[in-house]
Amino acid sequence: MMTSKIAVTVIVPVKNEEVNLPGCLDKLDGFEQLIVIDSGSTDRTPEIAKEYGAEYVNFQWNGQFPKKRNWALRNLKIRNEWVLFVDADEYLTPEFIEELKVKIQDPTKNGYWVVFKNYFMGKQLNHGYEFKKLPLIRKGKGEYEKIDEDSWSHLDMEVHEHPIVEGETGQFQEAILHNDYKGLEHYIARHNAYSTWEARRFLHLEKEGFSKMTFHQKIKYNLMKTPFLPVIYFFGAYILMRGFMDGRAGFYIALYKAHYFFQIKTKIEEFRKTK
């Protein structure tokens, strides 16, 4: 007896993800539509996507809006009412999938927030600041915010942009696992690129003001005007949010994230001088 597929379109944005992608796609065979949207991978990513029966699309960014996720929402042939974005280093649990089957039946919600359980250096982190995203959106009811960055961004996908959803959103109880197997070298390189984006965005926002920011974004960007954000983040993540209970990995991740904010702050100063 065949089991009916879950009426959700899963979109997996990728670039050179041959290490993480098989483990991600293993958990997605129960969904009615699975799309892998690439950015010109040079490894086995395209072949792996096709081996798992996913629809494969290669996205070529023109440097302007829309970026990868919004382009997918606007241009792909999405067959289902719900769209779930899953990164290649994210893994759905059976418990999450069962909750999803229930959540998508609620006609009052157009999107759902999900907590992500992070791994760092091989250890699952249970403390520190909670990491949340809004990856599940009803088709036609939301897309990622547009940031005016045509002149300075080199990231072809929405990383820091938040989805803007019409109407009510809900919250999952079950988490998605986030476990990047590429190691510290990749983690550090990625944060170097992200910190450059954050620094340039800060300088751009200084000109037009911070009035459109969310409450938490306003706190972050106002703290970036001071030298204290790295210290405040470390104290909050490691002490107040009990990151120390995750042992050595909890200390390392808090220190790496604090250094990420230090990178942003010093890059802002450097960009001001070299402008």
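Thresholds applied
- Residues numbered from 1 in each chain as written.
- Predicted model: local features only at pLDDT ≥ 70, side-chain atom pairs only at ≥ 80, totals over all residues.
- Heavy atoms only, no water.
- Helix = DSSP H or I, 4+ residues; strand = E, 2+ residues; numbered from the N terminus.
- Buried < 20%, exposed > 50% of the residue type's maximum accessible area, 1.4 Å probe, protein only.
- Pairing = 2+ DSSP bridges.

A. Region of the structure containing unusual backbone geometry. Going from Phe65 to Pro66, the amide bond is cis rather than trans, its omega being 5 degrees. Tracing the chain through its elements places Pro66 in the loop between strand E3 (55-58) and helix H3 (68-75). Even without being glycine, Asn16 reaches a positive phi, approximately 50 degrees. Here Asn16 lies in the loop between strand E1 (6-13) and helix H1 (21-26). A relative accessible area of 29% means that Asn16 is categorised as partly exposed.

B. Geometry of the environment of Phe65. You can see Phe65 is positioned in the loop between E3 and H3. Exposure remark for Phe65: the relative accessible area of 24% places this residue in the partly exposed category. With 83 residues separating them in the primary sequence, Phe65 and Asp148 have C-alpha atoms 8.4 Å apart.

C. The arrangement of the pairing of strand E6 (residues 109-120) in detail. With four bridges joining them, E6 and strand E11 (residues 168-171) adopt parallel strand pairing. Following the sheet pairing, Trp113 is matched in E11 by Gln171. Both E6 and strand E8 (residues 131-138) contribute to a ladder of five bridges, which runs antiparallel. If you follow Phe116 over to E8, its bridge partner there is Phe131. Alignment of E6 against strand E12 (residues 176-178), held across three bridges, turns out to be parallel.

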